Amino acid sequence: ERLAAAMNRDAAYTAAVLSTLVPEIDRLGISLGNRLGRQIGDALGTAWGLGIDALPAAMAAGRIEIAFGLSVDERLLTVAREFSAERVKAISDDAVAQITRQVRFGALGGLPATTVMARVREILRTQPDRRAKRYGPIASQAERIVRNEMMAVYSYANELRQREAREFVPGLEKYWLTAGDGRVRDSHISAGIRYRPGGEPGPIAQSADYVVMGERLFGPHDPRGSAQNTVQCRCRSVAWHPEWAA
């Protein structure tokens with residue numbers, strides 16, 4: 001609105017308004033990055049706790065007693081928080097650059113004010129239409145980062161608990177479990193069929209690697225895996241023992 005009003009005045013006034021708008025956009029971008037960083041840090045902490053508690057809770061429900069340690073090395077969680085914060089900051093930096101570019105075009109007379117406002121609105125769109133081929137830039141990028149990082153932290157925390165459990169449960173195995181819907185990639189559907197109880201080869205030793213798309217993985221979201229094998233994955237590695245079949 002301020003830009004539109006300024007464009008109806010002389011060039012000097014327009015330039016003065018522009019000089020105040022651009023720093024404000026920068027400040028808003030920094031604020032957005034900081035808020036996203038805090039929120040994803042909290043989300044990763046929640047995912048870590050769920051991953052750490054998943055196996056003990058399942059075993060307790062099955063009346064299997066294991067004295068799990070209370071503390072687990074959280075260095076990976078710290079690294080994930082820092083890495084994710086940098087990635088979401090890049091989102092806000094990119095949005096600021098795009099918005100500033102559109103504002104400059106408008107202030108210099110290169111675009112009508114209505115066009116500038118429509119483009120800025122599109123950049124800031126946070127509730128993208130799921131039917132559209134292109135989602136809102138901020139929302140879609142942030143969603144991908146949060147989903148991937150939370151699942152990665154959950155998977156690694158769960159893996160640490162399984163490694164701990166195998167010291168107390170000789171013969172502990174694991175199997176690949178998919179989300180079970182139409183969004184699961186074909187290679188992961190295949191892994192879910194091959195490694196499930198009754199499959200071929202069926203559950204594997206907890207210390208062994210799955211082989212998915214020709215890659216060796218301790219489980220979903222193994223950092224050794226390619227982006228094609230890990231991005232947007234919602235699979236889990238589930239602890240298993242042949243005696244539990246009954």
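Here, residues in each chain are numbered from 1, in the same order as that chain's written sequence. Local features in a predicted model are, by the rule used here, given only for residues with pLDDT of at least 70; side-chain atom pairs are given and counted only at 80 or more, and totals for whole chains, interfaces and linings are based on all residues. To obtain the side-chain values, all non-hydrogen atoms of the structure were used and water was disregarded.

Visitor: For this particular structure, what's the right way to read unusual backbone geometry?
Guide: For residues that are not glycine, phi is negative in most cases, and the peptide bond is trans in most cases. The step from Glu200 to Pro201 runs through a cis peptide bond, and the omega angle for that step is 20°. Under the DSSP-based scheme used, a helix requires at least four consecutive residues in state H or I and a strand at least two consecutive residues in state E, with every element numbered from the N terminus. Along the chain, Pro201 turns up in the loop between α6 (186-195) and β2 (204-205). Positive phi values are uncommon outside glycine, yet Met213 reaches one of about 55°. Here Met213 lies in the loop between β3 (210-212) and β4 (215-217). To sort residues, take the accessible area from a 1.4 Å probe on protein chains only and compare it with the maximum for the residue type: under 20% means buried, over 50% means exposed, and anything in between is partly exposed. Residue classification places Met213 among the partly exposed positions, given a relative accessible area of 38%.

Visitor: Would you explain the nonpolar core in this entry?
Guide: General note: in soluble globular proteins, nonpolar side chains tend to be found buried as a group. In plain words, nonpolar cores are sets of buried Ala, Val, Leu, Ile, Met, Phe, Trp, Tyr and Cys residues tied together by side-chain atoms within 4.5 Å. Among the nonpolar cores identified, the biggest contains 17 residues, and Ile40, Leu44, Trp48, Leu77, Val88, Ile145 and Val153 are the most heavily contacted of them. Within the residue set of this core, elements represented by two or more residues are α2 (11-61), α3 (75-107) and α5 (137-165). For this core, the element with the highest residue contribution is α2, accounting for seven residues. Filtering out sequence-adjacent residues up to four positions away, Ile40 remains in contact with Ser84, Val88, Ile145 and Val146. Of all hydrophobic cores here, the second largest spans 13 residues; its members include Leu21, Val96, Leu111 and Ile123. The contact definition used throughout considers only heavy atoms, calling two residues in contact when any of these lie within 4.5 Å.

Visitor: What should I look at first to understand the environment of Val153 in this one?
Guide: Relative to the helices and strands, Val153 resides in helix α5. Spatially, the C-alpha atoms of Val153 and Arg81 are 9.6 Å apart, while their sequence positions differ by 72 residues. Discounting chain neighbours no more than four positions away, the residues touching Val153 are Leu44, Ala47, Trp48, Leu77 and Ala80.

Visitor: What is the right way to look at the sheet that holds strand β5 (residues 236-240) in this model?
Guide: Backbone-to-backbone hydrogen bonds join strands into a sheet, with any given pair of strands oriented parallel or antiparallel. Only strands that DSSP links by at least two bridges are regarded as paired with each other. If you walk across this open sheet you meet the three strands as β2-β1-β5, and the pairing is antiparallel. Two strands lie at the open edges of the sheet, namely β2 and β5, each paired on one side alone. With two bridges joining them, strand β1 (residues 173-177) and β2 adopt antiparallel strand pairing. Bridge pairing in β2 places Lys174 opposite Ile204.

Visitor: Teacher, can you tell me more about the side chain of His188 here?
Guide: Structurally, His188 can be placed in helix α6. With residues near it in sequence (within four places) discarded, His188 still touches Trp176, Thr178, Val212, Asn229, Cys233 and Cys235.

Visitor: It is not clear to me how the confidence of the model for the protein chain should be interpreted in this structure. Could you clarify?
Guide: Any region with low pLDDT has predicted coordinates that should not be read closely. pLDDT is a per-residue confidence score from the predictor, ranging from 0 to 100. On average, residues of the protein chain score 83 in pLDDT, and 87% of them are at 70 or above. A low-confidence stretch, residues 127-131 stays under pLDDT 50, and its non-local contacts, those more than four residues away or across chains, total six contacts.

Visitor: What should I look at first to understand the pattern of salt bridges in this one?
Guide: Any Lys or Arg side-chain nitrogen located within 4 Å of an Asp or Glu carboxyl oxygen qualifies as a salt bridge. This model, assessed by the stated rule, comprises six salt bridges. Of the charged contacts in the structure, one is a salt bridge between Glu159 and Arg163, with a shortest N-O distance of 2.9 Å. Taken as a pair, Glu159 and Arg163 lie in helix α5 at a separation of four residues, close to a single helical turn. Residue classification places Glu159 among the buried residues on the basis of a relative accessible area of 4%. With a closest N to O distance of 2.8 Å, Asp222 and Arg224 form a salt bridge. Classification of Asp222 by relative accessible area gives buried; the value is 2%. Each member of the salt-bridge network shares a partner with another, and the members are Asp209, Arg216, Asp222 and Arg224.

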